[in-house]
Amino acid sequence: MNNLKDKIDALLMKVSKPTRYTGGELNSSIKNPEEVKVRFAFAFPDVYEVGMSHLGLRILYHLLNKREDVYCERVFAPWLDMEKLMRENDIPLFSLETKTTLDKFDFIGFTLQYELSYTNVINMLNLAGIPILSRDRKGLPFVIAGGPCAYNPAPLSDVIDFFVMGEGEEVINEIIDAYIDWKKRGGEREEFLQIVSQIKGVYVPKYYMEVYNQDGTIKEIRPIKKGVPEKVKKRIVKDFGNAYHPEEQIVPFMDIVHDRIMLEIFRGCTRGCRFCQAGMIYRPVREKSKEKILDLADKLIKSTGYEEISLTSLSTCDYSQIEDLVKKLIDKYKDKGVGVSIPSTRVDAVSINLLKEIQKVRKTGLTLAPEAGTQRLRDVINKGITEEDILEATKEAFSAGWTNVKLYFMIGLPTEMMEDVEGIVDLAYKIVDNYKEVKGSVKNLKITISTSTFVPKPFTPFQWTAQDSIKDIVEKQDLLKKKLKSKVLKYNWHNPYMSFLEAVISRGDRKVGKAIIKAWEKGCKFDGWEEYLNYDKWEEAFKEVGVNPHFYANRERSLEEVFPWDVIDVGVDKRYLIREYKKSQEGRITPDCRLYCTGCGVKDFDEGVVCFEASKK
Amino acid sequence: MKRLRNKYTKDERVKFISHLDLLRVFQRALRRANIKVAFSKGFNPHPKISFGPALVVGATTEGDYMDIDVEEDISPEEFRKKMNKVLPPGIEIVESYEVELNDALSTKIKGAEYILQVNVKKSIKDIQNKIEEFMKRDIIEIEKESKSGRKMVNIRPYVLELKVIYEAENYFKFYIKLKLGEGAPNPLHLLKALNDYIGDLFDMDFYKLHRKNTILE
């Protein structure tokens, strides 16, 4: 047993779910690493079944492997049983495809989807024997990161060599081309960082420094290297309709979280919900044509054999030809037993009709997201639906035979009062009455109410607001626990400590980054898994590095404050965010920008950017 | 509708796929091959696919069986070719033939042959004699866990053959032939019993198990 593969095999005999680590799934890429110029490890800082459910990984993996000179392999955070065995047996973190240790790669590219996976980023580097601090690394590989959380690069600035802002489909190829060129010349590590700092969308943190005011807020983010941009602009795929979408998809052996075809039908969202970071940072809205989607669906079904196809986007029912698209897909594939699913349902009659259509092949649940319990608060967050919408939609659904409804709310929203929380209870009971009216009794009815805790995020109109204290959140959850006690109601809530940490990190600066490293040193990892979160360790870590977490989570900012993420330009104008913030305080709504342009600024962000609204004219 | 009996192999690359996952692998392969599989009637229809006895996770095979009922007139040979085009690397159907619709695979399976490779902890002398002594016993008991708790089970009646076929410095290879059926042990149970008998000379953590063949009636 001398080679790594045999050693790994011996460990796999003892771990749970060994196919998390084996690779070899259908449509995974098999290449000879000797024959490529660049080896890229796509790293997802969570366990396999979570990471494999992520669309971005699937797109970039196949996109990179289309190139003959690149081999992209995958690596995930090993589950705790596997990590323990790996450390005991001195087995470094390895890629799934060829079982190569990560230090042999040219790039390790992390996707940052969730702040509570940051300790896993550090842990994975450490498991690979790679120094966790960028400045301690010599030679290869380069540790890079992208994804929605990268838009605030500050907390991981000491760890990541460079960040890639925005959509990766084009810029990743530019980076790789530059790399091949640099490698051929035999350049120094530092030289490559300088080269990429000139590529649009790339942020090299060591070329910038945070300068602080006396009160701990940021005075400025100062470029300290000549020639680097003052602000790094995110990348946008302009011709999204014809942009690369894989025609095949890896089919895992084990059951993963989203075990189905994922077909991205459009990018961006026009709704303008003020709490939603995705709705801001993925602008502008760009659709794929119906013909293109049908063609991709056909190829994906043939190449995977999956029994379900999910039409993904931030708000799938908003696709301009959604009814026709769903009908065509159902008609074409129902005999093969392939069902369609849509990840989120709008609260209106059209959506309920769509679900009825979808039911023809496979039973589907009804999930609605009113987000807030009262009309006042829904207006504050610009969730453009009314109570009548919700009641009508559920009534329609009950008449059509549904008996299970899931409702998603947030608590701790800006301006929220106890009566707004009570509004959640009222709404739940109105839906119960609704059911009684339609069916005559509450027989078989099951309503699941879930509340998440609001986390103010960068680049949203609520980036200035304070998060509720843990005490307030617990009080609100307790009220709901007490009042949602009924045979037909079930209440789920989020761990408030997790939401608090998420808030600290998401608006954190470089000082917060030191606390993350300290927390990892104390053994924190998988913080997003409630059973493994160790909040006491985090508290110690904050104390030891002298960071007050409440300064980041629970403080209202002034409009003039400089944010750690102000060095990044996501295309949505700060003036628009301020306007929306002010309107929220007045409880005024802003209509969907499919109706008319609300002036977020992304249209004028970059040459050639066309958003949905503009293309109609 | 017709029932096709298939002999398939699973090599090193896919040896960690569980029995349950394998069912999904075949279902999706059938869809890729555009072969219509028959479904059971009833409230919750499921595809009519049945497997022989489960293989231990981590084991390879070159002789496992499965039956698939198809709703179309396809020859076994065409079926085999179509499926092999779309199965993941490491899984292959090596033989396919039609059987009667009332011919249940589970009643046909009689036994299986295995090759088991295991690392040795200390040098072992005279293993062949020790095995003979071990096999001469009428009762070979192992501890089995069941719903009602742990109990001792005699596995001797299931053991048809056990012999060493290769001795290297740090590992042994055994040939094992077992009867299959209700209460049958797997080869690891047998080897563990042998290991206990000879005084813990094998490292049971490092083994390779391969099903050489399944014996049908």
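Everything that follows concerns the structure shown earlier in this document.
Quick caveat, the model's predicted, so the values are computed rather than measured. (Residues numbered from 1 in each chain as written. Chains lettered and ligands numbered in written order. Predicted model: local features only at pLDDT ≥ 70, side-chain atom pairs only at ≥ 80, totals over all residues. Heavy atoms only, no water.)

(A) The overall build of chain B, seen in detail. A tally of regular secondary structure across chain B gives five helices and 10 strands. Split into buried and exposed, the 217 residues of chain B put 50% on the buried side. In chain B, once contacts between residues fewer than 6 apart in sequence are set aside, the share between residues at least 24 apart is 74%. When the accessible area of chain B is evaluated, it comes to approximately 11100 Å², of which 48% is carbon and sulfur surface. One way to put it: in chain B the 39 positive side-chain charges average out to a point 3 Å from where the 34 negative ones average out. (Helix = DSSP H or I, 4+ residues; strand = E, 2+ residues; numbered from the N terminus. Buried < 20%, exposed > 50% of the residue type's maximum accessible area, 1.4 Å probe, protein only. Contact = heavy atoms within 4.5 Å. Areas by Shrake-Rupley, 256 points an atom, 1.4 Å probe, with all protein chains shown as cover. Lys, Arg positive; Asp, Glu negative; His and termini not counted. Charge placed at Lys NZ, Arg CZ, Asp CG, Glu CD.)

(B) How the structure looks around the sheet that holds strand β2 (residues 70–76) of chain A. All names here are of chain A. If you trace the six strands from one edge of the open sheet to the other, you get β2-β1-β3-β4-β5-β6, paired in mixed fashion. Taken across any chain shown, the strands that pair with only one partner, and hence form the sheet edges, are β2 and β6 (202–203). Bridging between strand β5 (residues 162–164) and β6 involves two bridges; their strand directions are antiparallel. Pairing of Phe163 across the sheet is with Tyr203, part of β6. (Pairing = 2+ DSSP bridges.)

(C) Layout of the packing of aromatic side chains. Here the structure, examined in full by the defined rule, presents 38 aromatic pairs over all chains. With a centroid separation of 5.9 Å and 70 degrees between ring planes, the pair formed by Phe172(B) and Phe202(B) is classed as edge-to-face. Here Phe202(B) lies in strand β10 (residues 202–216) and Phe172(B) lies in strand β9 (residues 171–179), a separation of 30 residues in the sequence. Residue Phe172(B) is classed as buried on the basis of its relative accessible area of 3%. Linked through ring pairs, Phe40(A), Phe107(A), Phe142(A), Phe162(A), Tyr179(A), Trp182(A) and Phe192(A) together constitute an aromatic cluster. Here Arg74(A) stacks its cationic end above the ring of Tyr61(A), 5.4 Å away from the centre of that ring. The aromatic ring of Phe240(A) is capped on one face by Lys288(A), whose charged end is 4.0 Å from the ring centroid. (Phe/Tyr/Trp six-rings, centres within 6.5 Å; stacked < 30°, edge-to-face > 60°. Lys NZ or Arg CZ within 6 Å of the ring centre and 35° of its normal.)

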